[in-house]
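# Notes for the structure review
Okay, here's what each chain looks like letter by letter:
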Amino acid sequence: MVLAIALRLAGAWALQHPLESDALAYFTMAEGLAERGELADHYGQHAFYSAGYPLLLTPFFMILGSSVGTAIAVNLLLCIASIWLIYRLGLALSAHRDAGLLAAAPYALWLPGLWNATMLAKENLTTPLLLGIALSAIAIARDQRPIAAATVAGLLWGAALVTGGSALLLCLGVAAALLILWRARGSFRPAFAAGLCFIAGAAVLLAPWLYATNQMVGRPVLTTNAAFNLYLGNNPAATGKFVSIADTPLGQDWNTTRVRLGEVDNADRLQAAAIDWIRANPGQAAKLAALKLAYFWAPNLPDAEDMAASKALAAIRLVEVVQYGLILLLALLAFGARRAARDGKWIFAAMIAGFWLVHAAAYIIVRYRDPAIPLLIVLAAVPVAAWIERLAARKGLPDAA
């Protein structure tokens, strides 16, 4: 934890990211809510950007003042929470303390995690929420106070949905845990009761937000951004990666039409256009979806522009690629490792698959996969811990655990 905080503080000091794009939106939303009681981004939209992260920043802005420094401090607290959860998941997956430590250490050095912590990015919050859902799901599967664990998982999932729509299918991990509980108990009733508690927990977080959006934009919605993303991923100019709205058929009169229609009606227009294009081009839409799923796992290789801009930056990017490749390889090996608990592997697989598949609908930016990487890091630590233990045994050294 100390290493992670030191690196992230150094990164924030060195990088000094300007407030722009998504970061500016989150800052403006939190600042407006803290100082004026109004939740709106820099375009005046109330529900376009996911509200979970700025809602978390708001009480800190009220107490400490609205500043980037305050937001970075919150990011560091979220980083500490993520490292603790990673350690607990490593312990739960392998029943060995060394695996937990071997999972926590790489996350401290994981470059995208460091990068996100130096700016206002919702991935800082999505990551511990995802990890918390995974830990709660394991508790459900192992019949460790499943009602309480399911309620906590529901609360975390509700918070994750308000933080970003990509959390929609994370409930698959909880579903896998409920199936494991049903099979272990030999009765449907405990799993059913836990499932109801999961739904109730999610409702506790979602209901106030849906009520608030109904008051602000005239309809209960998680976000009006989902339709925008769907359209960017499914239109004649779509590539599977981000394209500017200005480069799409609806981009010519974008600003005037957006203001004239308002958030909800404009979202309806975008969603209808995307669905019409998918229906008219089912083959191309399917190819694009498959391409997006491939892009999701593609290494973030530096391009010629990166190499020319800065040798130091290019070297850091290459280190990130090496980190990512090792994590992915070792995580795949862990699925066949006997030391990795079977229930944990099923839950991790369901959550990673759900988080991955939902991205086929819109478009891919590399950082979109960042919240799922800690689960892979936990998996990757299991075979490494086993190899270290075997090596210590061969050399007659005491077990590191």
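The structure this text deals with has already been given above.
Numbering of residues starts from 1 in each chain and follows the order in which that chain's sequence is written. Per-residue local features are limited, in this predicted model, to residues with pLDDT of at least 70; the limit for side-chain atom pairs, both in listing and counting, is 80 or more; totals at the level of whole chains, interfaces and linings are taken over all residues. Each side-chain value is worked out from all heavy atoms of the structure, with water and hydrogens disregarded.

## Description of the packing of helix α7 (residues 123–141) against helix α16 (residues 342–357)
- Axis lines are fitted through C-alpha atoms, for helices just across the contact stretch, and the angle between N-to-C directions can take any value from 0 to 180 degrees. Comment: elements are numbered from the N terminus, with helices defined as DSSP H or I runs of at least four residues and strands as E runs of at least two. Running from N to C, α7 and α16 point in directions that differ by 140°, and their axes come no closer than 10 Å. Handedness of the crossing formed by α7 with α16: right-handed. For the pair formed by α7 and α16, the contact residues are Leu130, Ile133, Ala134, Ala137, Ile138 and Ala141 on the first element and Asp343, Gly344, Ile347, Phe348, Met351 and Phe355 on the second.
- Residue composition of the contact of α7 with α16, grouped by class: 10 nonpolar, one polar and one charged. Here is the rule for handedness: rotate from the far helix to the near one, and if that takes an anticlockwise turn smaller than a right angle the crossing is left-handed, while a clockwise turn gives right-handed. The contact criterion used is simple: two residues touch if any of their non-hydrogen atoms lie within 4.5 Å. Residues were grouped as follows: Ala, Val, Leu, Ile, Met, Phe, Trp, Tyr, Cys and Pro as nonpolar; Asp, Glu, Lys and Arg as charged; and all remaining residues, including Gly, as polar.

## Some points on the pattern of salt bridges
- Any carboxyl oxygen of Asp or Glu that lies within 4 Å of a side-chain nitrogen of Lys or Arg is treated as forming a salt bridge with it. Applying the stated rule across the entire model yields five salt bridges.
- Close ionic contact of aspartate 343 with arginine 142 constitutes a salt bridge, the shortest N to O distance being 2.8 Å. Of this pair, aspartate 343 sits in helix α16 while arginine 142 sits in the loop between α7 and α8 (146–163), placing them 201 residues apart in sequence.
- For the exposure calls, accessible area comes from a 1.4 Å probe over protein chains only, and a residue counts as buried if that area is under 20% of its type's maximum, exposed if over 50%, partly exposed in between. Using a relative accessible area of 15% as the deciding quantity, one classes aspartate 343 as buried.
- With a relative accessible area of 29%, arginine 142 lands in the partly exposed category.
- The salt bridge involving arginine 219 is made with aspartate 268; its shortest N-O contact spans 2.8 Å. Taken together, the positions of arginine 219 in the loop between α10 (188–217) and α11 (225–233) and aspartate 268 in helix α12 (residues 254–280) put the pair 49 residues apart, joining distant regions of the chain.

## Focus: a nonpolar patch on the surface
- A grouping of Leu179, Trp182, Phe188, Phe192, Leu196 and Ile199 is seen on the molecular surface, where their side chains present a nonpolar patch of about 630 Å² in accessible area.
- Residue assignment for the nonpolar patch shows that the elements contributing at least two residues are α9 (171–185) and α10.
- By residue number, the principal contributor to the nonpolar patch is α10, which donates four residues.
- With respect to the secondary-structure elements, phenylalanine 192 resides in helix α10. Residues forming no salt bridge and having over 30% relative accessible area are the ones grouped into patches, like charges within 9 Å of each other and nonpolar side chains (Val, Leu, Ile, Met, Phe, Trp, Tyr) within 5 Å. We get accessible surface area from the Shrake-Rupley algorithm with a probe of 1.4 Å; when it comes to residues, only the shown protein chains can shield them.

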